[in-house]
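Letter by letter, the chains look like this.
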Amino acid sequence: MIELDLTTRLASLKLKNPVITASGTCGYGEELKEYLDPDIPGAITVKGLTIKPSVGNPAPRITETPAGILNSIGLENPGLEEFLATKLSVIGKLNVPVLVNISGHSLDDFAFLAEKLAPYPQIAGLEVNVSCPNLAGGGMAFGTDSELVYRVAYRVKENYPGPVIIKLTPNVTDIVEMAEAAVAGGADIISLINTLLAMAIDIDDKRPLLGNTFGGLSGPAIKPVALRMVYQVASRVKIPIIGMGGIMTGRDAIEFILAGASAVAVGTATLIDPGAVARIIEEIKEYMIEKEIKRIKDLIGQAL
Amino acid sequence: MVIGLMVEVKSNQRVGNDYYLLKIRALELTDSIFPGQFVHLKIGRDNLSFDPLLRRPFSIHDLSDEKDIYLLYRVVGKGTRILTDYKTGDKLDLLGPLGQGFKLDFVSRKILIIGGGMGIAPLYFLAKRLAKQNLLKVLIGGKNKEEMEYFIARFRQADIEFAVATMDGSAGFQGTVVDLWQKDNTQPDYLFACGPEAMLREVQVIAQKKGIPGQVSLEERMACGIGVCLSCVHKTNKGNQRVCKEGPVFSLEEVVFDD
Ligand SMILES: Cc1cc2nc3c(=O)[nH]c(=O)nc-3n(C[C@H](O)[C@H](O)[C@H](O)COP(=O)(O)OP(=O)(O)OC[C@H]3O[C@@H](n4cnc5c(N)ncnc54)[C@H](O)[C@@H]3O)c2cc1C
Ligand SMILES: Cc1cc2nc3c(=O)[nH]c(=O)nc-3n(C[C@H](O)[C@H](O)[C@H](O)COP(=O)(O)O)c2cc1C
Ligand code: FES
């Protein structure tokens, strides 16, 4: 038996393995513990946080589409104050790095959240969700304008000493332009992809199926798109990448790593199989044994 | 590859127009199952089937004397259609029991149970448990006699006092089950209800007027079923609550129904 080395690096973050739980699909880590030992993931990314509490979107918030799910949860979360009062102690008990996913409706929101979260060593880094609308600037998503991506990255970096991950939205014409803007703004790591903007219509009611009309598509249906974007970004950008979008198996994860991701995140798979992260790690090991690969790091970007 | 628990299908029979009774053996689970809880099934020949992708939630309908689990399901779409193909001896991937069931520390009380449509499925299990120590009455309602026939037979067999309402009057009272309650004017100490949201809303209004406490079981579209994704939340007077985790059973007073 060869000794397998699954460790990977994301800027200053050292992960014991490359499989991370994706934001919004693992609560605050503890909700999963009956099904997934919280010590197993390489890191845990918690639900998107906003300054003020949010009740999210109207029901129905979820529907299934071919090989995918469409969600419009709408960033329901308890808000910063409640997060600091009750959730921080929960994530403080976890033994793996915890990434806090943040969202805002203005540049100042992002800067404020970064500053307020800076003092806490329980938080290993911030993942900045730029998929939300810029209410101050007309409602276009931050992540669809490279100037805004640059500024968000810059403002968060300015206020937060730890590693900053910019999480890109796929709803753009040129993903590389957005990735380069994030790098220019000072991002340490890039994660991609967030969900694809999509919809479904109920032909009996003759109305949009989701309460919010539009939702975000995730799951196996988006994997080829996500993989292409990771590949494109990895070809042009030097900072580490967290790849995600439709990863259901270890073999899917390996594809992302070969495309240039230093780590991967698993979202939708956990909603179906709460132990998916542990299974995927085992499947990655099986692949490494089969191919006689000792270090997962040796696979990063091999398909580029 | 195994996800959740692989359980064995004991039987899967059509028992009504468009609904089926599925009997599964899961002895590991039965001692911890309570009325009102549900199981989350991954349907499809392959555990990793992408079509359907998500699990599907079903209430516990009954436990057999041999501790087998009964689910009663209506065929409404792709998942339930594929479920009808399962045969005796086939394996199913099951997560559960999930959620908070009915709280039932009741003795010698006058209890009313009101169920509409497939909402009656979990109430049968509840009624069987409560009938032993309480004065129980069950009101059930549906579209027509065909839909109600199975339930009528089951409640009769269990020797539980019940009355039926159908929209077309083909069995029992003509009208909704709530109309039936109004007409029959039962004044219970406590009530339980499950069914379409419009029905539950009416039950809540009437119960409030009469000062009757109770519990309701809600349904929302679910993804994870275990509390991590916030797909299934419902408004309550304590804010949004997850139907899969804090529910599906809530106290009648705390649920907030939109108009
Ligand atoms: C806690 C809970 C307990 C349930 N118990 C039972 C039960 O005992 N017996 C039973 O027959 N059904 C029950 N349901 C509803 C059942 O889960 C859905 O009918 C089923 O998921 C439909 O799957 P499908 O693939 O056949 O339909 P799809 O093709 O997914 O959809 C067809 C139709 O079913 C409805 N539907 C889809 N998913 C859900 C869902 N998660 N909840 C409610 N409606 C949905 C949609 O509105 C749609 O019109 C329960 C639902 C919940 C949330
Ligand atoms: C129910 C649900 C909730 C999500 N919530 C968030 C969130 O709060 N913040 C965020 O950046 N991404 C969120 N996402 C996106 C995921 O983190 C991930 O980027 C996306 O789903 C693609 O990965 P997947 O196909 O493995 O799910 C959510 C996805 C789902 C399905
Ligand atoms: S279905 Fe995911 S939280 Fe209830």
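Heads up: these notes are all about the structure in this document. (Residues numbered from 1 in each chain as written. Chains lettered and ligands numbered in written order. Predicted model: local features only at pLDDT ≥ 70, side-chain atom pairs only at ≥ 80, totals over all residues. Heavy atoms only, no water.)

Remarks on the packing of helix α4 (residues 175-184) of chain A against helix α5 (residues 223-236) of chain A
Residue and element names in this part refer to chain A.
Alright, step 1. Packing of α4 against α5 brings their axes to within 9 Å, and their N-to-C directions diverge by 50°. For the element pair α4 / α5, the angle class is oblique. The two elements α4 and α5 meet at a crossing, and its hand is right-handed. The residues of α5 that touch α4, namely those facing I175, V176, A179 and E180, are M229, Q232, V233 and R236.
Alright, step 2. Across the contact of α4 with α5, the residue classes break down as five nonpolar, one polar and two charged. (Axes fitted to C-alpha atoms, helices over the stretch in contact; angles between N-to-C directions. Helix = DSSP H or I, 4+ residues; strand = E, 2+ residues; numbered from the N terminus. Parallel < 35°, antiparallel > 145°, perpendicular 65-115°, else oblique. Left-handed = near helix turned anticlockwise from the far one by under 90°. Contact = heavy atoms within 4.5 Å. Nonpolar A, V, L, I, M, F, W, Y, C, P; charged D, E, K, R; others polar.)

Some remarks on the site of ligand 1
All names here are of chain B.
Alright, step 1. Taken together, the neighbourhood of ligand 1 is formed by 18 residues, with R56, P57, R74, G79 and T80 sitting nearest.
Alright, step 2. Separating a nitrogen atom of ligand 1 from a backbone N or O atom of S59 is a distance of 3.0 Å.
Alright, step 3. One of the side-chain nitrogen or oxygen atoms of R221 is found 2.9 Å away from an oxygen atom of ligand 1.
Alright, step 4. Expressed as a share of its isolated accessible area of 840 Å², the protein-covered part of ligand 1 is 79%.
Alright, step 5. Breaking the shell around ligand 1 down by element, the ones donating at least two residues are β4 (56-59), β6 (69-74) and α2 (78-83).
Alright, step 6. At four residues, the largest contribution of residues to the shell around ligand 1 is made by β4. (Near = heavy atom within 4 Å. Polar contact = N/O pair within 3.5 Å; in protein donor to acceptor, adjacent residues only side chain to side chain. Areas by Shrake-Rupley, 256 points an atom, 1.4 Å probe, with all protein chains shown as cover.)

Let's talk about the sheet that holds strand β3 (residues 38-42) of chain B
Residue and element names in this part refer to chain B.
Alright, step 1. A sheet is described by the order of its strands in space; here seven strands give the open sequence β4-β3-β7-β1-β2-β6-β5, paired in antiparallel fashion. Every other strand in the sheet has two partners, leaving β4 and β5 (62-63) as the edge strands with one partner each.
Alright, step 2. Taken together, the four bridges between β3 and strand β7 (residues 91-98) define a ladder with antiparallel strand orientation. Bridge pairing links L41 to L94 in β7. (Pairing = 2+ DSSP bridges.)

Regarding helix α6 (residues 250-258) of chain A
Residue and element names in this part refer to chain A.
Alright, step 1. Residues of α6 that are buried: G250, D252, A253, I254, F256 and I257.
Alright, step 2. Tucked into the core, α6 has its buried residues touching α5, β15 (241-244), β16 (263-266) and α8 (276-291).
Alright, step 3. G260, located one to two residues past α6, shows a positive phi value of around 120°. (Buried < 20%, exposed > 50% of the residue type's maximum accessible area, 1.4 Å probe, protein only.)

Overview of the interface of chain A and chain B
Alright, step 1. Contact with chain A, which involves 31 residues of that partner, is made by 27 residues of chain B.
Alright, step 2. Overall, the association of chain A and chain B removes approximately 2,400 Å² of surface from exposure, summing both partners, and the carbon and sulfur fraction of that is 66%.
Alright, step 3. When the buried area of chain A at its contact with chain B is split by residue, E64(A), L271(A) and I272(A) rank highest and sum to 26% of it.
Alright, step 4. Across the contact surface, chain A and chain B share one salt bridge.
Alright, step 5. At the surface where chain A touches chain B, the tally comes to eight residue pairs in polar contact (both at pLDDT 80 or more).
Alright, step 6. Breaking the side of chain A that touches chain B down by element, the ones donating at least two residues are β5 (62-65), β6 (68-71), α7 (268-272) and α8 of chain A.
Alright, step 7. Looking at the side of chain A that touches chain B residue by residue, the classes come out as 16 nonpolar, seven polar and eight charged. (Buried area = accessible area lost by both parts, 1.4 Å probe. Salt bridge = Lys/Arg side-chain N within 4 Å of Asp/Glu carboxyl O.)

With respect to the environment of T195(A)
Residue and element names in this part refer to chain A.
Alright, step 1. Note on placement: T195 falls in the loop between β10 (189-192) and β11 (196-199).
Alright, step 2. Through-space distance from the C-alpha of T195 to that of K93 is 29 Å; in sequence the pair is 102 residues apart.
Alright, step 3. Apart from the residues lying within four places of it in its own chain, the contact partners of T195 are N71, P170, N171, G216, L217 and S218.

A word on the nonpolar core
Alright, step 1. Core analysis: the biggest nonpolar cluster contains 127 residues, and V100(A), L117(A), V156(A), I166(A) and L192(A) have the highest contact counts within it.
Alright, step 2. Take this core: its biggest share by element is seven residues, from α8(A).
Alright, step 3. When residues of this core are sorted by domain, at least three fall in each of domain 1 (3-98) and domain 2 (110-251) of chain B.
Alright, step 4. Among residues more than four places away in sequence, those in contact with L192(A) are L168(A), I175(A), M229(A), V230(A), V233(A), I241(A), I242(A), G243(A) and M244(A). (Core = buried A, V, L, I, M, F, W, Y, C linked by side-chain atoms within 4.5 Å. Domains from an automatic or database assignment.)

Focus on the packing of aromatic side chains
Any two aromatic rings considered together are summarised by their centre-to-centre distance and by the angle between their planes.
Alright, step 1. Applying the stated criterion across every chain, the model contains 12 aromatic pairs over all chains.
Alright, step 2. On the basis of an interplanar angle of 45° and a centroid distance of 6.2 Å, the ring pair of Y28(A) and F83(A) is categorised as tilted. Of the two residues, Y28(A) sits in the loop between β3 (19-21) and β4 (43-49) while F83(A) sits in helix α1 (residues 79-92), which places them 55 residues apart along the sequence.
Alright, step 3. The exposure class assigned to F83(A) is buried, which follows from its relative accessible area of 0%.
Alright, step 4. Across the ring face of W181(B), the terminal group of K210(B) is positioned such that the distance to the ring centre comes to 5.1 Å. (Phe/Tyr/Trp six-rings, centres within 6.5 Å; stacked < 30°, edge-to-face > 60°. Lys NZ or Arg CZ within 6 Å of the ring centre and 35° of its normal.)

Quick word on the sheet that holds β4(A)
Residue and element names in this part refer to chain A.
Alright, step 1. The parallel closed barrel is built from eight strands, whose spatial order is β3-β4-β7-β8-β9-β10-β15-β16. Each strand axis lies, on average, 25° off the axis of its neighbour in the sheet, ignoring direction.
Alright, step 2. In this structure, strand β8 (residues 125-129) lies alongside strand β9 (residues 164-167), joined through four bridges in parallel fashion. Considered in β9, the bridge of E127 is made with I165.

Overview of empty space enclosed by the protein
Leftover empty space is mapped by rolling, across the atoms, a probe with the size of a water molecule.
All names here are of chain A.
Alright, step 1. In total, this model carries one cavity of 30 Å³ or more according to the counting rule given.
Alright, step 2. By volume, the largest cavity is sized at about 30 Å³.
Alright, step 3. T21, C26, G29, L32, L36, P38 and I44 together form the lining of the largest cavity.
Alright, step 4. In terms of residue class, the lining of the largest cavity is made up of five nonpolar, two polar and no charged. (1 Å grid on protein atoms, 1.4 Å probe; cavity = no way out; pocket = protein on both sides within 12 Å on 5 of 7 lines; lining within 4 Å. Points joined across faces, edges and corners; volume = space filled by probe spheres on them.)

Notes on the site of ligand 2
All names here are of chain A.
Alright, step 1. Around ligand 2, the surrounding shell holds 22 residues, and the nearest of these are S23, K167, G219, G246 and T268.
Alright, step 2. Between ligand 2 and G48, the relevant distance is 3.1 Å, taken from an oxygen atom to a main-chain nitrogen or oxygen of the residue.
Alright, step 3. Residue N129 places a side-chain N or O atom 3.4 Å away from an oxygen atom belonging to ligand 2.
Alright, step 4. Here ligand 2 has 610 Å² of accessible area as a free molecule, and 97% of this is covered by the chains.
Alright, step 5. Of the residues that constitute the shell around ligand 2, the class distribution is five nonpolar, 15 polar and two charged.

Concerning a nonpolar patch on the surface
Residues and elements named next belong to chain A.
Alright, step 1. Together, L197, M199, I201, I203 and F214 make up an exposed nonpolar region whose accessible area comes to about 550 Å².
Alright, step 2. Inspection of the secondary structure puts I201 in strand β12 (residues 201-202).
Alright, step 3. The class for I201 is exposed, based on a relative accessible area of 52%. (Patch = residues over 30% accessible without salt bridge, like charges linked within 9 Å, V, L, I, M, F, W, Y side chains within 5 Å.)

Purely geometric numbers; function is a separate question.
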